[in-house]
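# Fold and geometry: a report
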Amino acid sequence: MTGSPVGAGGPGLLGRFEEPARAARPRLTPDEARVIELELAEWRRLGERYAPATPLGELAAVAAAVPERLYRDSAKVLLRMHEIAGSGNHQSCLSSLHLVRACFDLGLVPGPGDRAGQRDGPGPSAGSAGRAELVVGRGHIAPSFYAERYVRGTFPFTPLATLHRDGLTGVVHRDWGFRNTMRYSLGVGLAQAVSLAWELRRQGLRRKVVCLAGDGELHEGVTFECLRFAHEAGLDNLVLVVDGNGKGIEPLRAPVSREYLSHYLGHAVETDGLATEAVAKSLRAMLDGPGGGALLCATRKEGHSFKLPPDPDAPPPRPSFATTAGPLLAGLQKDTGRRLAVFTGDMAARFGLPNAVPYENTGLAETLSLGLTLSLPEETVKVVATDAMYYMDSLGMLTEATTSIRHLLVLAGRSWGAWGGAANSLNLLDQITGTRVYEPVTAAEFRSCVRRLLADPATAHVLSMVDARFAAPGEDCAGDVDAAAWLGAAPDAAADLDCCVITFGYAGVLVAQANRDRGLGVPQLHCTALRPELDPALVERLRRCRALLSVEYNGVSCGFGEGLRSRYLLPLTPHGVRSDIRNCVHDTQLSRHGMTPGALAGRLRALRENEAAG
């Protein structure tokens, strides 16, 4: 989450947390709701008196004004945060909790009045008591630090109720007491730690750098480069603390190698990662002793993503569209007899691969997922199932693959807005020779995209696979995925269009719902291709429209609508997501960017009003 933590609508941080905290009321216990109201009242009084120098200082002041602690165990706090949010990486946070507690006990975590997390220089920080600098590479365990701050009395309850709900970010960020900020890439924490250790050594300072990382994270290519550089540069001030739970999202092939780490970092020590005292004792010895090293903490992690238990009386939820990829690939293999080679970086469950098709899990080694495709037989269909953001890490190898091999199918999982499969595919791949980008929303469109790949194997095909639950539209572009299709009743071919909405991929589902539920009847043209090939007669018809709107659930800048406008000179207004990489739930994404069916209905109604005015 980028930008200042100070929000509008109230003093300091009050404007950021008040609305999402009150929106969480149905998920709160009576005591939690009562404490939040007390904290909000104190927050207003605080704003009338003075403004603390740091966000953590402001939070600590509110916590001190309402000292009641609802929970004394940070593990219980973590659970409540995820129950209230209804999502998150609860098990990852729980796995690292004893490591986090040890960091607090050793004074490695900045205090409420410490600006160390917000400064650029490498000097000593008040919060670390002169012992060492802490870099948290395991970026998704920020809630563990919030929970521990809460039980230690320096964090109020209100922000905890806003996790992933447009309030408190679940990823480490300087605004919330961390030295470093994580955005989208795992593995970058070790790079930040090596950078800091190198600079401290260059300045002749003897302080050490502690990097808290995960064993799955160490699969990232950058971590290998960092450890090699640290060894060759003689950085004996780096201490790597590894949460060794044997899992990324899926189980790891093998435990992290103690021998490998000891070779590059001087020595490696193993300890019980489920005992705070054991972690603290081992880490204290490494900080007080000579040189650096690696501390391997044996921990435990259950299922990856937190989900609330289903309502036994509710019908089973519809699967997300992304999870249909596995069965669809199995059907493709059966129908065509083509040999598949499927690679994924810890994304098998997201794409429905288990029990559907054989696959190879490369962990978080995204570059390897693509590298393993490079020497396979030409006729093998190479499938790389990855996250819409993860393949940004492997752009060099992605370029190599898209320009040198045949039958390459990239499945780009997508749950974000502007930072999502289609937008990233456009920005990173569309400029590379021989790449086509699609966002199918029906099984038939998916199969048609694959058939297009088989007919044009020299062109890499990227399918943006939306990780959302929706009913497939009744009509689609399966007949020609590079063309367009009318959703709902097609307008009279002989009549001019007074107004029309053109949609891309998932946005078409949202617009169709708004159009249908509100009875608006706006003609809707649906496209599966990010760069569709429109019939000249259709283009001329669209040019004569009095009001023309394009809608896309990805970045508007240089996106689907602007592409149509520049290529076909269509007088359209593009609508979509703009500049958003916040970590929040899907319905919040839709609401923030005017992509809910209600907001879209307002857009469509405006088209009708333009028609009447004309």
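Heads up: the structure comes first, above all this text.
Residues numbered from 1 in each chain as written. Predicted model: local features only at pLDDT ≥ 70, side-chain atom pairs only at ≥ 80, totals over all residues. Heavy atoms only, no water.

## Some remarks on the overall build of the chain
Cut-off, in case you're wondering: Numbering of helices and strands runs from the N terminus, with a helix taken as a DSSP run of H or I at least four residues long and a strand as a DSSP run of E at least two residues long. To get the radius of gyration, use the C-alpha atoms; to get the globule rule, take the number of residues to the power 0.38 and multiply by 2.2 Å. Two residues form a contact once any of their heavy atoms are found within 4.5 Å. When charges are counted, Lys and Arg contribute as positive and Asp and Glu as negative, whereas His and the chain ends are disregarded. Throughout, a charge is located at the NZ atom of Lys, the CZ atom of Arg, the CG atom of Asp or the CD atom of Glu.
Counting its regular elements, the chain contains 21 helices and 16 strands. The C-alpha radius of gyration computed for the chain amounts to 26 Å, which stays within 12% of the reference 25 Å derived for 614 residues, consistent with globular compactness. Along the first, second and third principal axes, the C-alpha atoms of the chain reach 80 × 65 × 50 Å. Considering only intrachain contacts with a sequence separation of at least 6, the fraction spanning at least 24 residues in the chain is 77%. Across the chain, 65 positive and 67 negative side-chain charges occur, with their mean positions spaced 3 Å apart.

## A look at the pattern of salt bridges
Side chains that differ in sign of charge can pair as their charged atoms come close. Cut-off, in case you're wondering: What counts as a salt bridge is simple: a side-chain nitrogen of Lys or Arg found within 4 Å of a carboxyl oxygen of Asp or Glu.
Here the structure, examined in full by the defined rule, presents 37 salt bridges. Of the charged contacts in the structure, one is a salt bridge between E18 and R44, with a shortest N-O distance of 2.3 Å. With E18 in helix α1 (residues 14-23) and R44 in helix α2 (residues 30-49), this pair connects stretches of sequence that are 26 residues apart. In this structure, the salt-bridge partner of E379 is R338, at a minimum N-O distance of 3.0 Å. Placement of E379 in the loop between α13 (366-371) and β8 (381-387) and of R338 in the loop between α12 (325-336) and β6 (340-344) is noted, with a sequence separation of 41 residues between them. Connected through salt bridges with shared partners, the residues D73, R101, D105, E148 and R152 form a single ionic network.

## A word on α1
Spelled out, the test is: Buried, partly exposed and exposed residues are distinguished by accessible area as a fraction of the type maximum, computed with a 1.4 Å probe on protein chains only: under 20%, between the cut-offs, and over 50%, respectively.
Within α1 the residues assigned to the buried category are L14, R16, F17, E18, P20 and A21. Contacts made by the buried residues of α1 are with α2 and α3 (55-65).

## Observations regarding unusual backbone geometry
Its identity as a non-glycine residue notwithstanding, D166 has a phi of 70°, on the positive side. Within the secondary structure layout, D166 lies in the loop between α7 (142-151) and α8 (188-202).

## Notes on the side chain of K208
Worth spelling out the cut-off: Any pair of N or O atoms that falls within 3.5 Å is considered a polar contact. Within protein, one atom must be able to donate a hydrogen and the other to accept it, and sequence-neighbouring residues count only if both atoms are side-chain atoms.
Position of K208 relative to the elements: it lies in strand β2 (residues 208-214). Comment: no salt bridge for buried K208; closest opposite-charge side chain is D288, at 7.4 Å. A distance of 2.6 Å separates a polar atom in the side chain of K208 from the backbone oxygen of G289. Ignoring sequence-local partners within four residues, the contact set of K208 consists of R131, A132, E133, N237, V239, M286, L287, G289, P290 and G291.

## Here we look at the sheet that holds β6
The condition that has to hold: Strand pairing is assigned whenever DSSP identifies at least 2 bridges connecting the two strands. Fitted lines through C-alpha atoms give the axes, limited to the stretch in contact for helices. The angle between two N-to-C directions lies from 0 to 180 degrees.
One open sheet accounts for six strands, arranged β7-β6-β8-β9-β11-β10; its pairing is parallel. Looking at strand neighbours, the two that pair on one side only are β7 (360-361) and β10 (435-438), the edges of this open sheet. Relative to β8, β6 runs parallel, the two being bridged by five bridges. Its bridge partner lying in β8, V342 is registered against V383. Strands β8, β9 (408-414), β10 and β11 (460-466) of the sheet are contacted by helix α16 (residues 443-455), whose axis makes an angle of about 170° with β11.

## Overview of the packing of α12 against α16
What counts is decided by this rule: Angular relationships are summarised with four words: roughly parallel below 35 degrees, roughly antiparallel beyond 145, roughly perpendicular across 65 to 115, and oblique for the angles in between. For any pair of crossing helices, the crossing counts as left-handed if the nearer helix is rotated counterclockwise from the farther one by less than a right angle, and right-handed if it is rotated clockwise. Each residue gets one label: Ala, Val, Leu, Ile, Met, Phe, Trp, Tyr, Cys and Pro are nonpolar, Asp, Glu, Lys and Arg are charged, and the others, such as Gly, are polar.
Running from amino to carboxyl end, α12 crosses α16 at an angle of 50°, the nearest separation of the two axes being 11 Å. Comparing their axes, α16 and α12 come out oblique. You can see that α12 and α16 cross each other, and the crossing is right-handed. Where α12 abuts α16, its residues A325, L328, L329, L332 and T336 lie against A443, F446, R447, V450 and L454. Of the residues contributing to the contact of α12 with α16, the split by class is eight nonpolar, one polar and one charged.

## Some points on the sheet that holds strand β13 (residues 499-504)
Sheets are built from strands that pair by backbone hydrogen bonding, the pairs being arranged parallel or antiparallel. The strand order across the open sheet formed by five strands is β12-β14-β13-β15-β16, and the pairing between neighbours is mixed. Looking at which strands have only one partner, the edges of the open sheet turn out to be β12 (484-487) and β16 (573-577). Within the sheet, the average angular offset between the axes of one strand and its neighbour, ignoring direction, is 25°. Contacting β12, β13, β14 (524-527) and β15 (547-555), helix α17 (residues 506-517) runs over the sheet at an angle of about 140° to β13.

## As for the environment of S375
Structurally, S375 is set in the loop between α13 and β8. Measuring from C-alpha to C-alpha, the distance between S375 and V342 comes to 14 Å, with 33 residues separating the pair along the chain.

## Some words on the pairing of β11
So the rule is basically this: Consider the strands pointing away from the viewer: the crossover is right-handed when the path from the first strand over the helix to the second runs clockwise.
Counting buried residues in β11 gives seven out of seven residues, a clear majority hidden from the surface. A two-sided burial pattern is seen for β11, the buried positions comprising A460, V462, S464 and V466 on one face and H461, L463 and M465 on the other. One ladder, built from six bridges, connects β9 with β11; its direction is parallel. Within β11, the residue paired with L409 across the bridge is H461. Of the strand pairs in this sheet, β10 and β11 are connected by four bridges, and their pairing is parallel. Each residue of the ladder has a partner; that of Y438, found in β11, is L463. Between the parallel elements β10 and β11, the chain passes through α16 in a crossover that is right-handed.

## Section: the state of the cysteines
Let me state the cut-off plainly: In plain terms, two cysteine sulfur atoms within 2.5 Å form what is called a disulfide here.
Scanning all chains against the criterion turns up zero disulfides. Between C500, a free cysteine, and C545, which holds the nearest cysteine sulfur, the sulfur-to-sulfur gap is 5.2 Å. A residue is classified by how much of its surface remains accessible, and C500, at 0% relative accessible area, is buried. The buried category is assigned to C545, whose relative accessible area is 8%.

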